[in-house]
Amino acid sequence: MIPELGHFALACAVALAFAQGVVGIFGPSLRDARALYAAPVLALSHFAAIGFAFLALVWAGVVSDFTVENIADFSSSAVPLIYRISGVWGNHDGSILLWCLILSLCGTAVAVFGGGLPASLRSRVLGVLGLVSGGFLLFTLTVSDPFARLWPPPLEGAGVNPILQDPGLAFHPPVLYTGYVGFSVAFAFALAALIEGRIDAAWGRWVRPWALLSWCFLTAGIALGSWWSYYTLGWGGYWFWDPVENAALLPWLTGTALLHCAIVVEKREALKAWTVLLAIATFSLSLSGTFLVRSGILNSVHSFAAAPDQGLFILALLGLTIGGSLLLFAIRAPVLAATGIYAPISRESALVLNNIFLCAIAAVVFTGTLYPPFANLLFGIQLSVGAPFYNQTVLPLTAPIILAMGVGPLLAWKRADLLPALQRLWLAGAVALLVFLVLSATRHVIAALGLAGGAWVVLAALTDLAGRVGLFRVPLGNSLARLTTLPRGAVGAALGHIGFGVSVLGIAGMTLAVQKVVVLQPGQSTELGGYTWTLQDIHDAPGPNYTQRVADITVDGLTLHPSRRFFAAQHVITNDAAIHTNGFQDIYAVFADEPASGGAELRLNRHPMAPEIWFGGLIMALGGFLSLSDRRLRVGAPSRKKPAGAVA
């Protein structure tokens, strides 16, 4: 009965979403106050309907209702409760339902927290969100129904994919999807502003918090996914340049550019057309990732199996959304003329430089990800684009961004002098140069460049904060007092830059990692990275829904317990890595296999600076959330006075 109610709620949600879209977009033209306030009510009703449908599917997973095909195929009564819940979105149909839930939540957030917006703009923003949501809900209801029944039901479900039975995978998809889908709000603001023909400083102020919130979740989601793959998959890496990983990186790159562009719109009313185009591009890339994961075009461990009609339906949605928005952009381009001007040396110019190289990196990643499958599809040519291509093309494009991140925040708006900013950065530059010279002497040039760049970004951001609080110019107590009164937006921006620098340090440190694959008998030892690794014992241990073989390894007094887990229901063996960290390096061991000759095949790794990769991601996200708490991001931009004699 509950699944039927969920299915009915899903059908209601489709109707409510399209009603929200039509009323929201065309209601302001009726010049009727009731039409303006109908869209928020419909958005709340739409969210309630899809929320009930999602909870109904979760309920089916919790009670192991195997008459629901989705639950029978992707869940089991034997797995712990958390995985019966997370298994709901660990498959194609359930993940699309989660996507729709978050999209409706975005509309609800605009309806509830958008009271300060002009009523017509809020209505049209909700209208755009309603139409996008309606398209995905119609897809869910027609060709990707998560409530499809199965009869006769099996006595037991097929079970959750063993790789997904990890707390990281319980939280990674919802956080990542919130980042993906959250950019729909910036997209809706862009289209609503194009419809109304008004894009100004106030629009930049309104769109920035929504873009920042989405960026925070996307940053956290990518970091969580990277961390999960690092400690769960047992391969010892944090980023594989997998096509679906790239699909997540693309909207992060353009979203970062959008976030900085919105600041320029707010401050100078410049780059309006580019900002609108970035808002469209960022959400379009999020939708493209959804299509690529579910179409079968990309060969990836992340991909969901999908029927041809599902891929074609999503492709049609993609074409309507991207094509329609770009057509509207082309028609309304004349209203986007910039009014602000700025000098070549200014903070605006630094942000433009940032945008150019972020978008260049996005273009490189986009080409490397999509060219091979389309070359195969169109011409039958088999191509492989791997890490060497991305490393050699992305690194040169990242260097100017790192340089600009250090100098840009110290430049004034509109017009600035470069020399005073460089003089303030002498310490950051000296430390970065020293790091580079010391490490390059050891012939680790790439690591030297990365560590120098990370140090430059971190120290430059600290220099900016030190200048704001008058460190070393006033008594220390006064500096600390000033720190507590700084705008949280400024502190959050500095933290975001510091987090990026810390991640760069971690990535550069990982280039110095050492590893070894070795077969050891109990009692035997090997040397790696200045440590002695000794296999002490191999033994069996029980698990909640698996059995496992555990290797006990000592590393200079530390004890690690990597294991091999056997899931009988799926007949799958997974590797559970054992990691010891001190915050600055990881000692990492994987129990890879048991050879016929006895003993254990072990993959041993020492990873310098690896924790900094995820610490940096966490700091970036925290910096973004801190900026969101700044009241200046929650109030409208002041209206600019018209010059004398101007026509209203």
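Structural data are supplied above this passage.
Everything numeric here is computed off the predicted structure, so don't read it as measured data.

1. Re the sheet that holds strand β10 (residues 600-608)
Strand pairing in a sheet relies on backbone hydrogen bonds. The paired strands run either parallel or antiparallel.
So, step 1. Spatial ordering of the open sheet is given by β1-β10-β9-β8, a layout of four strands whose pairing is antiparallel. A strand with exactly one partner marks an edge of an open sheet, and here the two such strands are β1 (514-520) and β8 (578-581). This sheet shows a mean twist of 15 degrees between the axes of neighbouring strands, independent of strand direction.
So, step 2. Bridging between strand β9 (residues 585-593) and β10 involves eight bridges; their strand directions are antiparallel. Considered in β10, the bridge of V590 is made with R603.
So, step 3. Sheet strands in contact with helix α8 (residues 201-232) are β8, β9 and β10, and its direction is about 55 degrees off that of β9.

2. As for the packing of aromatic side chains
So, step 1. With the rule as written, the count across this model stands at 16 aromatic pairs.
So, step 2. Consider the rings of W241 and Y390, whose centres lie 4.6 Å apart with planes at 10 degrees: the pair is stacked. Pair noted here: W241 is in the loop between α8 and α9 (243-268) and Y390 is in helix α13 (residues 387-407), with a separation of 149 residues, a long-range link. Each member of the pair, W241 as well as Y390, is classed as buried.
So, step 3. Taken together, the ring pairs in this structure connect W99, F136, Y177 and Y180 into an aromatic cluster.

3. Remarks on helix α5 (residues 92-113)
So, step 1. The terminal C-alpha atoms of α5, which comprises 22 residues, lie 31 Å apart, in line with the 32 Å expected from a rise of 1.5 Å per residue.
So, step 2. In terms of burial, α5 is largely enclosed, as 19 of its 22 residues are buried.
So, step 3. For α5, the capping residue at the N-terminal end is N91, with a side-chain oxygen 3.3 Å from the backbone nitrogen of D93.

4. Things to note about the environment of Y230
So, step 1. Its place among the elements puts Y230 in helix α8.
So, step 2. In this structure Y230 touches G236, G237, Y238, M510, I579, D586, Y588, H607, A610 and W614, once residues within four positions along its chain are discounted.
So, step 3. At 2.9 Å, the side chain of Y230 and the side chain of H607 are in polar contact.

5. Focus on the side chain of S75
So, step 1. Here S75 is to be found in the loop between α3 (69-74) and α4 (81-86).
So, step 2. Discounting chain neighbours no more than four positions away, the residues touching S75 are G61, F66, R84, G157, A158, G159 and V160.

6. Re the pattern of salt bridges
So, step 1. For the structure on display, the rule yields 13 salt bridges.
So, step 2. Taking the shortest distance from any N to any O, the salt bridge between R149 and D65 comes out at 3.6 Å. Here the residue R149 occupies a position in the loop between α6 (119-143) and α7 (167-196), and D65 occupies one in the loop between α2 (33-62) and α3, the gap between them amounting to 84 residues.
So, step 3. With a shortest N-O distance of 2.9 Å, R549 and E594 are connected by a salt bridge. Note that R549 is positioned in strand β4 (residues 547-555) and E594 in the loop between β9 and β10, a separation of 45 residues in sequence.
So, step 4. Several salt bridges share partner residues, and in doing so they unite E4, D65 and R149 into one network.

7. Some remarks on the pairing of β9
So, step 1. Counted residue by residue, β9 has eight buried out of nine residues, so it is predominantly covered.
So, step 2. Inspection of the sheet shows β8 paired to β9 by four bridges, in the antiparallel sense. By the bridge assignment, A578 is partnered in β9 with A589.
So, step 3. Counted between consecutive antiparallel strands, the loop separating β8 from β9 contains three residues, among which G583 sits at a positive phi close to 95 degrees.
So, step 4. The hairpin formed by β9 and β10 contains six residues between the paired strands, and G598 there has a positive phi angle of roughly 95 degrees.

8. A word on the nonpolar core
So, step 1. In terms of nonpolar packing, the biggest core is built from 129 residues, with F189, W203 and V276 touching the most fellow members.
So, step 2. Counting residues per element, this core draws most heavily on α7, at 15 residues.
So, step 3. Filtering out sequence-adjacent residues up to four positions away, W203 remains in contact with F189, A190, A193, R198, V265, T275 and V276.
So, step 4. Listed in part, the 17 residues of the second largest apolar core include L535, I538, A589 and L602.

9. Quick look at the state of the cysteines
So, step 1. Under the defined criterion, the tally for this structure stands at zero disulfides.
So, step 2. The structure places no disulfide on C12, whose sulfur is separated from the nearest cysteine sulfur, that of C100, by 15 Å.
So, step 3. Judged by its relative accessible area of 29%, C12 is partly exposed.
So, step 4. Of all cysteine sulfurs in the structure, the one in C359 sits closest to C261, which takes part in no disulfide; the separation is 7.7 Å.

10. Here's the deal with the packing of helix α15 (residues 426-440) against helix α16 (residues 445-469)
So, step 1. Where α15 contacts α16, the axes come no closer than 8 Å and their chain directions differ by 165 degrees. Judged by the inter-axis angle, α15 sits roughly antiparallel to α16. In terms of crossing hand, the pair formed by α15 and α16 is right-handed. For the pair α15 and α16, contact is made by A428, G429, V431, A432, V435, F436, L439 and S440 and by A447, A448, L449, L451, A452, W456, L459 and A460, respectively.
So, step 2. Taken together, the residues of the contact of α15 with α16 break down into 14 nonpolar, two polar and no charged.

11. What about α6?
So, step 1. Between its first and last C-alpha atoms α6 spans 36 Å; for 25 residues at 1.5 Å apiece the expected length is 36 Å, and the two agree.
So, step 2. For α6, the tally of buried residues reaches 18 of 25 residues, placing the bulk of the element in the interior.

12. Digging into the side chain of S479
So, step 1. Among the secondary structure elements, S479 is positioned in helix α17 (residues 476-485).
So, step 2. S479 gets classed as buried once you look at its relative accessible area, which sits at 3%.
So, step 3. At a separation of 3.4 Å, a polar atom in the side chain of S479 contacts the main-chain carbonyl oxygen of G470.
So, step 4. Every residue in contact with S479, bar those within four places of it in the chain, is listed here: V469, G470, L471 and V474.

Rules of the game
Residues numbered from 1 in each chain as written. Predicted model: local features only at pLDDT ≥ 70, side-chain atom pairs only at ≥ 80, totals over all residues. Heavy atoms only, no water. Pairing = 2+ DSSP bridges. Helix = DSSP H or I, 4+ residues; strand = E, 2+ residues; numbered from the N terminus. Axes fitted to C-alpha atoms, helices over the stretch in contact; angles between N-to-C directions. Contact = heavy atoms within 4.5 Å. Phe/Tyr/Trp six-rings, centres within 6.5 Å; stacked < 30°, edge-to-face > 60°. Buried < 20%, exposed > 50% of the residue type's maximum accessible area, 1.4 Å probe, protein only. Expected span 1.5 Å × (residues − 1). Polar contact = N/O pair within 3.5 Å; in protein donor to acceptor, adjacent residues only side chain to side chain. Salt bridge = Lys/Arg side-chain N within 4 Å of Asp/Glu carboxyl O. Core = buried A, V, L, I, M, F, W, Y, C linked by side-chain atoms within 4.5 Å. Disulfide = S-S within 2.5 Å. Parallel < 35°, antiparallel > 145°, perpendicular 65-115°, else oblique. Left-handed = near helix turned anticlockwise from the far one by under 90°. Nonpolar A, V, L, I, M, F, W, Y, C, P; charged D, E, K, R; others polar.

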